[in-house]
Each structure stands twice: as C-alpha cells, then as structure tokens.
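Understanding the architecture of this molecule
So you can see what is in the structure, the chains are spelled out below.
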Amino acid sequence: MERHATRGDGGRAIAVWAAASPFLPAALETLDRAGVPYVLLPDQPDAAGLARAAGAEALIVGGAEVSRRLLSALPRLRLVVRAGVGTDRIDLDAATGLGVAVTNVPDYATDEVADHAVLLMLAAVRRLAHFQASTRTDWVRVDRPPVMRLRGRRLGIVGLGRIGTATAERARALGMTVAAHDPFIARESFDRAGVLPVSLDELLATSDVISLHAPLTADTHHLLDRAAFARMRRAPVVVNTARGGLVDTAALTEALDAGTVRAAGLDVLEHEHDVARHAALLDRDDVVVTPHVAWYSQGSEEQLGTSAARIALDFVQRGVRPPVLNPATRTEPTSEVTS
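These numbers come from a predicted model, not from an experiment.

Cut-offs used in this document
Residues numbered from 1 in each chain as written. Predicted model: local features only at pLDDT ≥ 70, side-chain atom pairs only at ≥ 80, totals over all residues. Heavy atoms only, no water. 1 Å grid on protein atoms, 1.4 Å probe; cavity = no way out; pocket = protein on both sides within 12 Å on 5 of 7 lines; lining within 4 Å. Points joined across faces, edges and corners; volume = space filled by probe spheres on them. Nonpolar A, V, L, I, M, F, W, Y, C, P; charged D, E, K, R; others polar. Domains from an automatic or database assignment. Contact = heavy atoms within 4.5 Å. Salt bridge = Lys/Arg side-chain N within 4 Å of Asp/Glu carboxyl O. Polar contact = N/O pair within 3.5 Å; in protein donor to acceptor, adjacent residues only side chain to side chain. Pairing = 2+ DSSP bridges. Helix = DSSP H or I, 4+ residues; strand = E, 2+ residues; numbered from the N terminus.

**Here we look at the layout of surface pockets**
- Counted as a void, the second largest pocket has a volume near 160 Å³.
- Residue composition of the lining of the second largest pocket, grouped by class: 4 nonpolar, 5 polar and 3 charged.

**Considering the domain arrangement of the protein**
- Under the domain assignment used here, the protein contains domain 1 (13-108 + 298-318) and domain 2 (110-289).
- On a C-alpha basis, the centroid separation for the pair domain 1 and domain 2 is 32 Å.
- Contact with domain 1, which involves 7 residues of that partner, is made by 5 residues of domain 2.
- At the junction of domain 1 with domain 2, the criterion picks out 1 salt bridge.
- Residues Asp-88 and Arg-243 are paired through a salt bridge, measuring 3.0 Å at the closest nitrogen-oxygen approach.
- In this structure, the connection of domain 1 to domain 2 is made through 2 residue pairs in polar contact (both at pLDDT 80 or more).

**Here we look at the sheet that holds strand E13 (residues 287-289)**
- Here 7 strands make up an open sheet; going across it, the order is E9-E8-E7-E10-E11-E12-E13 and the pairing parallel. Every interior strand has two partners, whereas the edge strands, strand E9 (196-197) and E13, have only one.
- By the bridge criterion, 3 bridges tie strand E12 (residues 263-266) to E13 in an arrangement that is parallel. Looking at E13, one finds that Ala-264 is bridged to Val-287.

**Some details on empty space enclosed by the protein**
- Enumeration according to the criterion identifies 1 cavity of 30 Å³ or more in this entry.
- Of the pockets and cavities examined, the largest cavity occupies roughly 40 Å³.
- As for the largest cavity, its lining consists of Asn-240, Gly-244, Val-247, Thr-249, Leu-252, Leu-266, Val-268, Leu-269, Glu-270 and Leu-281.
- Counted by class, the lining of the largest cavity contains 6 nonpolar, 3 polar and 1 charged residues.

What follows is the structure, encoded as structure tokens:
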C-alpha cells in the first residue's frame, strides 16, 4: 500500500512497517497531514513491497525484526525509528555498518508501565489469582496463603531510567523503601529519586520485591537465572514489565516451586507468542501474567504513533538527526534539506 506517490528521484519517502500495530492510525494521520510520501509495508515484506519502498530514507517499525537483509534492501535508508522503547529485535551492528541510525521513542507510556508494574506487584503480593479462584468455589472455607504487608518493605529496581524512577515514586507512596541497581545512572539521579544505590548482589539479597526495568542486551539476557535466584534471601516477589529475556523462565518456575521466590507478576515472557510453551507458568496461582500490555492506554497509543512519525518527518523534511542508539553511525538525509 502506497500513499502520496514518491516524487521522482529527488523525492523523499518514509516506509512504515507496522501493519498490525495499534499505533499505526496515529502515525499515518501525522504523515498524511504532513503530505510527505510514504509506503506502508505488509506484514511480510516481499520483493515488490521493498521495491516500492526503495526510495525511503526513514523506516518506522513496530516490534518486527529488522535484519541486515531488510536494511540492505532499502538502499536510501538512513534512519530506523523504533515505535517503542526496546531495540532488541533490530540488528544494530548491521545498521551501523550500513550507515543507518537507529532511534526509539523512550518517553512514551512511562506512567502506564509504572502503573502496571505496581499493579502486578500488588496482584502478586496479594495473591490475586489465588483469591479470584476462590470466588468460584467457596467463599467461606478460603485457603489463605501467606500475604506480605508492603509498608516498610524494600522494593529493588533493576534499571533506574524513566520508568524505574516513576515506579520508585509510586512504591514510596505505598510506604516502601526503594533501592536500585543501575551502573549507567549518576548518583545524583538516585538522590533525586529518593532511591538507595546498591550492587546487583545486594539488591537480590535484600529486596522483598524485585522489579525489572532494564533493556534486553547480551549482558542482561537471563539476568535472573538459577544463580541469581540462589542469591535471593527474602523470597521476593518478582515483577517484569521490561523484556521477557531478562528472566530464565525455567529457573523462575523452579524458584517458585522451591519457595525461593514468593510470587511473580509478569507482563512479558521469553517467546511470549508461544503460549503453550508457558502453560506450566500460566496455570500457577502464585503468578499473575498479562499479555505485554503494560505500555497500553488510548493516550499512549496515540502518543507513540504521533511521536514516531514526527521523528521520521523531522529527519526527512528538515534534516534533524534524533538521539540515536548506535552513535558510531554518521548519517545525514540523502537529499538536500528543504524547509
């Protein structure tokens, strides 16, 4: 599907690869208002679709995998805009080598994800799934598993960025103390947030709740594995609203069985589209799972589409290079900048 046919060899175009993404209407509305040519790629881009997008200087993408092969098929491409935060499905090395900058929309849905992290924490701590099941059987003879009082307990946050900081603020309002591990954040940011900086080992050993807000990288893959669970001393509740790959699911299941982890609240899982793969975890009453929706609200959906389109438009129309995630790339729009 093509909109606003590309204006000759000197024209500019934007490719949008997000056919099933909920932010798409807002993104297309923004592009339509700007009158800039764009091509909407199908879910599975074929040779014909990629040929139509050959003039694209910017690519707006949802959660699809952006491979070297795809990047190489768009010879004029200079910018990938990830409509979202995580870039673990984009080949950053290939993009850098091909002179393609990669950026994201890091400041959308901060409140939504922080709210959802607290929602999962409360649901897991209060054993919501267990007590919901009781309403379908017997309201009188209710089995009451141990439920931890939150006031005065410690929340350990891994990753004190925007969302981690917002989660800390909410936890403090509940009467919790907050510690965090983030080697990339200055001490002043911890102080402003009222958060104690700690090592990862100390966080694992001293936290009553652990909430993950780190990106998925080679270094953070399976951050919580068997060894990490073995270092936990307080049988914490584990909350993950970041990326499924941060947690070794098999190791988490073992930790829940052993009582090393009290309960879990998860919005993300490894290989999360393969629901059958996680049947044992999903059937537990000490685990609350939501389908990767922490980011979602009608407001965040619109904000994401508009922001992603605006970043691409600023680059294509005015030559504005956004903050990029592969800073070794040196790239500019391929045509003369126009007003």
